[in-house]
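Each chain, written out:
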Amino acid sequence: MSITRAKSLDALYEECKEYDLVLVPDAPMASALNRRLDTPHFGPFAITPRRLAARRREKAEDRLAFLEIIQTTTLDWKETAFAVGNILQCWEYQGTADAILEYDSYATDATRIAVDRIEEMDTTSRRLTEYTIDADQSVAVVGFEQLTTLERSILPADYDTIDPFTDDSFDYPPFRILDSPAAIVDAVLDTVTEANAGEIGVVLDASSQYSSLIESALEAADIPYYGGPGFTDDPHHRAFLQLLRSAHAGRDTRIGDVRPLLTQLGMAVDIEHDEKRLSEVDHQDVEWLLEFSTEIRTYTFEDALEAYETVTESTLDAFRDELAVLGIRDDLVTEDAVDRLEYYLQSYEVPVERENEGVLLADAKSAAHVDRPVVFYLGLDEGWTRSSPRRPWVDRDRAFERNIHQFQLLLQNGVDQYYLVQDTAGGSPVTPCLYFEELFDEAFERFSDLNSEQYARTYRATHDGFERDPLDVQPETVETISQSSLNTYVNSPRDYYFSRLLDNPDKDYFEEGNLFHDFAEFYVSHPDTVTEDTLDEVADVILEEVDPFLRGVDRAVRRTKYRIGVQTLVDYLDANPAVGDGGVATGRWGTNFFADYFEKPIESANTERWFENAALGLKGKIDFVQSPTHLVDYKSGSKKSATSIIKQSALDPPSDTPNFQALLYLAHQRTVTPDETLGFTFVHFLETLDDVVAGGGSLDDCLTTVTYYPATFEEYIARPATFTELEEDAANDCNKTFSKSDYEVYRAVVDEYEFPDTRDIDELVDSEFGHALTARMVEDVGDYKYVKNGCRQALRHLLRIRNRNYFSDDVEAFEEFVHERLSELNARRAGGERFPVRGLGGDPNYRYVNNRDCILEGESR
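Residues numbered from 1 in each chain as written. Predicted model: local features only at pLDDT ≥ 70, side-chain atom pairs only at ≥ 80, totals over all residues. Heavy atoms only, no water.

Novice: Kindly report on the pattern of salt bridges, identifying the contributing residues and their values.
Specialist: Summed over all chains, the structure comprises 47 salt bridges. Salt-bridge contacts for Arg-670 lead to Glu-815; the nearest nitrogen and oxygen are separated by 3.3 Å. With Arg-670 in helix 26 (residues 661–672) and Glu-815 in helix 35 (residues 808–829), this residue pair connects regions lying 145 residues apart in the sequence. The pair Arg-670 / Glu-815 is uniform in exposure class, with both members buried. Between Arg-792 and Asp-762 there is a salt bridge whose closest N-O contact spans 2.9 Å. Here Arg-792, found in helix 34 (residues 785–804), pairs with Asp-762, found in helix 32 (residues 761–765); they are 30 residues apart in sequence, far enough to count as distant. A relative accessible area of 29% places Arg-792 in the partly exposed class. We classify Asp-762 as partly exposed; its relative accessible area is 41%. Put simply, Arg-277, Glu-280, Glu-544, Asp-547 and Arg-555 are held in one network by salt bridges that share partners. (Salt bridge = Lys/Arg side-chain N within 4 Å of Asp/Glu carboxyl O. Helix = DSSP H or I, 4+ residues; strand = E, 2+ residues; numbered from the N terminus. Buried < 20%, exposed > 50% of the residue type's maximum accessible area, 1.4 Å probe, protein only.)

Set out below in structure tokens:
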């Protein structure tokens, strides 16, 4: 099967121009045929059955019926809408208003009441039911199969049908594949101008993102278009509804939840408060919103509207009129009333004045004809598939056939057609419209499997952009980088770039983390002043500080969490007191909340130590310098193993969850205490929370330590001590094998063969090193099964050493890596190139992207 070629409008006109009346399935086709009349014609020529019967511009009879019933009966709004929709739909398919009463499951009391009211109304459907065409007229019907039962009911006994299709197939143009919806819209805007706007049609799924994108792009380019924003698209209408909804939302409403409302109200509240509850933010503009929420239950809709108009200095006469139409302008603004109002506005299109010139935007699910010489089709994905009503009065097979015929007509509008599509979205194939499966013989899963062409995005100039003042200023050079910035930069340079430009809201876990850190620092300086009662007080204080972020139901659970967290910190610091001073750093970082709260100064030189190492290009803050050879970092998140920490700091290629904290701090510290074995411990002080609540918990379960050895990995494993581990502390067969050999045999292999650059046991076993070690041990001990297995265990033991520790060659490689990244970063800051979305490891891990809304997924540059 293939797409059947549709007759051109000129050809259709030639077939039907001799008739007195031509009935067509949709208004755009009627208008196109009427524009081709070349002789005077008395009365309507081409027209839809509904327009013919109504003798007026059609109005949305579902909305009119809904308004009539809620004002003249006691039916619930949702019940009314459900009944009205079913009645009108059944009437369309079965031909009479009361046909729905033949279906027992729908013949409810509400439906009967609604049928009685609708039958009395002057609706288009009623006029269509009562209308008959004069038998003396010659009548032609174009696309008879597209007419519903109700529309066919007006046909006279004698009429002719005209098939809108030919017997030939349509050679469809190639699908033009672009990278994103924005690129597709740009491609359209490259063609459209204010001068040719009247010759352009755009077909799209009106519920898709293409609709808002194309409208905003046309508006920005000052290009007129048919349609425009609807009633609920008006920013003030949306904001007023959100104001009513937020007033009933309760005390847990967050600033971020009402950010669009605050913006529309002209109320500037810093983004740092977005995660906080509205009632906990001390801000003048927020006070107005809180007062409105308190008074809302005494307001009528008119009162609320006046309050909104006063604060925004606007006039919402259209909204006031619609409230009057609904009969609720003087009703109290209860939560149920707001629910009903929102439901009405979501269910029905309130008529508004719209533009009627320029680019024609057509909905793919309702249009069949677009009488423009150039037509763009955007998306053509599964969103274009029309879903047939799942009702007993609907013949779904016939409805599907009608839809696929309409789809074929739609695809052939205009002299030139352009199918603009995406092949993938979010890394997954875009599914073409279901109807293509019926129309194409070949198997396909995505557009690139069909006749298609790949296009790169074109960047169009939009006027002159922002005004620019040239500045004779050289960009500042970034001399040092922190572990968090390095992590972000390696994952996605573009995310790093935005993190330098944009503020982000405070988070509860940031606030908690800072307070836990401050308490740990305070305890190091004043351990003797902290008692059990003090810990209870500290937990209470943390709870109060974090409370603006919390729901009321969370407070008790958080209080338990904080009390256990501070106790774990105390237990660790009691077991691991500071030794020496914090000489690894250049100074202390910031202030301390608990020092101010308890009015006691921080006297320790071992806590919150800041360093900047210009030679290495590194900077950071060390939570606790336990000793000159051991650093400590407090973590509130889940515990990670030493292996995981080492893996996340991989350089070539980087991990998809890059984290260089331990490696960065140890790189700095080895310049302060060179030639020393160094330790870095993560204290996950909430790791045993559940165990402690259950009566258990061990401090050791909270700790992860990684070690730096001042030797290369190969130097380290060549030591006699490592051989001793293989003799005594490894797995059984390994101990047995190496205890029967000697150090010189092992050392000869380590000296002669290079240990491979792998962290995988199978690759190591199959390497030249692995084969050589096994061969030497078989030669020295004997060709026994346990010897070969013991060698595999030995290799696993050596690999475990590599995967759980840092060595001098690791740190040296990291230092070079940092210098390369800083050079690269500064070149980008100087304008050498854009900050790309993709990091060194390829596409970023979007779970760790902080500025997700600023980055287009799939964009590489």
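Novice: Explain the nonpolar core to me, using residue names and the numbers behind them.
Specialist: Ranked by internal contacts, the top residues of the largest apolar core, which has 43 residues, are Phe-66, Phe-240, Leu-244, Phe-319, Leu-326, Leu-341 and Tyr-344. Of all the secondary-structure elements, those providing two or more residues to this core are helix 4 (61–72), helix 5 (77–94), helix 11 (235–247), helix 12 (259–264), helix 13 (284–295), helix 14 (301–312), helix 15 (317–326) and helix 16 (335–347). In terms of residue count, helix 11 provides more of this core than any other element does, six residues in total. Here Phe-66 is in contact with Trp-77, Thr-80, Ala-81, Val-84, Leu-326, Tyr-344 and Tyr-348, once residues within four sequence places are set aside. Counting 37 residues, the second-largest nonpolar core is a separate cluster that includes Ile-47, Cys-90, Ile-118 and Leu-128. (Core = buried A, V, L, I, M, F, W, Y, C linked by side-chain atoms within 4.5 Å. Contact = heavy atoms within 4.5 Å.)

Novice: Could you give an account of the side chain of Thr-737, naming the residues involved and the relevant values?
Specialist: By the element assignment, Thr-737 lies in helix 30 (residues 732–739). Classification of Thr-737 by relative accessible area gives buried; the value is 0%. A polar contact of 2.8 Å, which involves the side chain of Thr-737, links it to the backbone oxygen of Asp-733. Within polar-contact distance, the side chain of Thr-737 engages the backbone oxygen of Tyr-786 at 3.5 Å. When neighbours within four sequence positions are excluded, Thr-737 is seen to be in contact with Met-777, Val-781, Tyr-786, Val-787 and Gly-790. (Polar contact = N/O pair within 3.5 Å; in protein donor to acceptor, adjacent residues only side chain to side chain.)

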